[in-house]
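# Architecture and fold: a report
For reference, the chains in residue letters:
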Amino acid sequence: LSLSLSLSFSFSFSVSLVQRVIIRQLQLLALFGTATLVGIVYASFSYKDEAIAVLGILSNVLTIITCGAPLSTVSQVFEMKNTSTMSPTICFACFLSSVVWLVYGFLLDDVFLQVPNGLGTILGLFQLALFVAYPRKRSPK
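Residues numbered from 1 in each chain as written. Predicted model: local features only at pLDDT ≥ 70, side-chain atom pairs only at ≥ 80, totals over all residues. Heavy atoms only, no water.

### Some words on the overall build of the protein chain
For the protein chain, the count of helices and strands is six helices and zero strands. Just so you have it, the protein chain exposes about 9300 Å², and 72% of that area is on carbon and sulfur atoms. (Helix = DSSP H or I, 4+ residues; strand = E, 2+ residues; numbered from the N terminus. Areas by Shrake-Rupley, 256 points an atom, 1.4 Å probe, with all protein chains shown as cover.)

### Section: helix H5 (residues 88-108)
Its 21 residues give H5 an end-to-end C-alpha distance of 30 Å, which sits within 8% of 30 Å, the value for a rise of 1.5 Å per residue. Listing the buried residues of H5 in full gives Ile90, Cys91, Cys94, Phe95, Ser97, Ser98, Leu102 and Gly105. A positive backbone phi angle near 55° is found at Asp109, which sits one or two residues after H5. (Expected span 1.5 Å × (residues − 1). Buried < 20%, exposed > 50% of the residue type's maximum accessible area, 1.4 Å probe, protein only.)

### A closer look at the nonpolar core
Within the largest apolar cluster, eight residues are counted, these being Leu71, Val74, Val77, Met86, Cys91, Leu130, Phe131 and Tyr134. Listing elements by their share of this core, those giving two or more residues are helix H4 (74-80) and helix H6 (111-133). (Core = buried A, V, L, I, M, F, W, Y, C linked by side-chain atoms within 4.5 Å.)

### Considerations on the packing of helix H3 (residues 48-68) against H6
Between two packed helices, the angle of one axis relative to the other and the distance separating the axes together describe the packing. Orientation of H3 relative to H6, taken along the N-to-C sense of each, is 5°, at an axis distance of 9 Å. Comparing the axis directions of H3 and H6 gives the class roughly parallel. In this structure, H3 uses Ala53, Gly56, Ile57, Asn60, Thr63, Ile64, Cys67 and Gly68 to contact H6, whose residues at the interface are Phe112, Pro116, Asn117, Leu119, Gly120, Leu123 and Gln127. Here the contact of H3 with H6 is composed, by residue class, of eight nonpolar, seven polar and no charged. (Axes fitted to C-alpha atoms, helices over the stretch in contact; angles between N-to-C directions. Parallel < 35°, antiparallel > 145°, perpendicular 65-115°, else oblique. Contact = heavy atoms within 4.5 Å. Nonpolar A, V, L, I, M, F, W, Y, C, P; charged D, E, K, R; others polar.)

### Some points on the packing of aromatic side chains
Aromatic rings in a pair are described by how distant their centres are and how their planes are angled relative to each other. Tallied over the full model, the rule gives two aromatic pairs. Aromatic pair Phe78 and Tyr134: ring centres 5.7 Å apart, planes at 80°, arrangement edge-to-face. With Phe78 in helix H4 and Tyr134 in the segment after H6, this residue pair connects regions lying 56 residues apart in the sequence. With centroids separated by 5.8 Å and ring planes inclined at 80°, the aromatic side chains of Trp101 and Tyr104 adopt a geometry described as edge-to-face. Of this pair, Trp101 and Tyr104 are both found in helix H5, three residues apart, which corresponds to roughly one turn of the helix. Residue Trp101 is classed as partly exposed on the basis of its relative accessible area, which comes to 42%. We classify Tyr104 as partly exposed; its relative accessible area is 40%. (Phe/Tyr/Trp six-rings, centres within 6.5 Å; stacked < 30°, edge-to-face > 60°.)

Have a look at this one:
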């Protein structure tokens with residue numbers, strides 16, 4: 001989810017080719033860094049249940065941060081009274097993904113799925129509500 005959202009975010013705003021290359025390199029670095037971290041955490045615990053619990057908590061934190069990322073511009077939204085600084089596609093995708101995983105978490109009775117995706121659903125609803133309360137202003141042509 002994080003990688004797909006960051007990829008769509010990097011192309012949702014007009015950025016130069018150099019910026020796109022830098023963003024791609026950072027995304028690859030984050031991907032390999034995450035894979036390395038997962039491997040180290042999993043190998044460092046003698047009991048695999050403990051490793052899975054630590055990785056579950058880490059994944060929960062990253063899911064919440066990813067879903068809340070578009071809210072970094074919420075002060076600008078309130079100040080300008082429009083949502084031109086937010087991407088509706090990313091907000092909707094985060095909301096929809098959180099809802100699907102939340103339902104799946106309830107079906108499995110898995111708290112590791114319910115908690116972060118419940119918060120992600122709430123954050124997504126808040127973001128979508130901002131688009132209703134403060135519609136995007138069209139740029140003059």
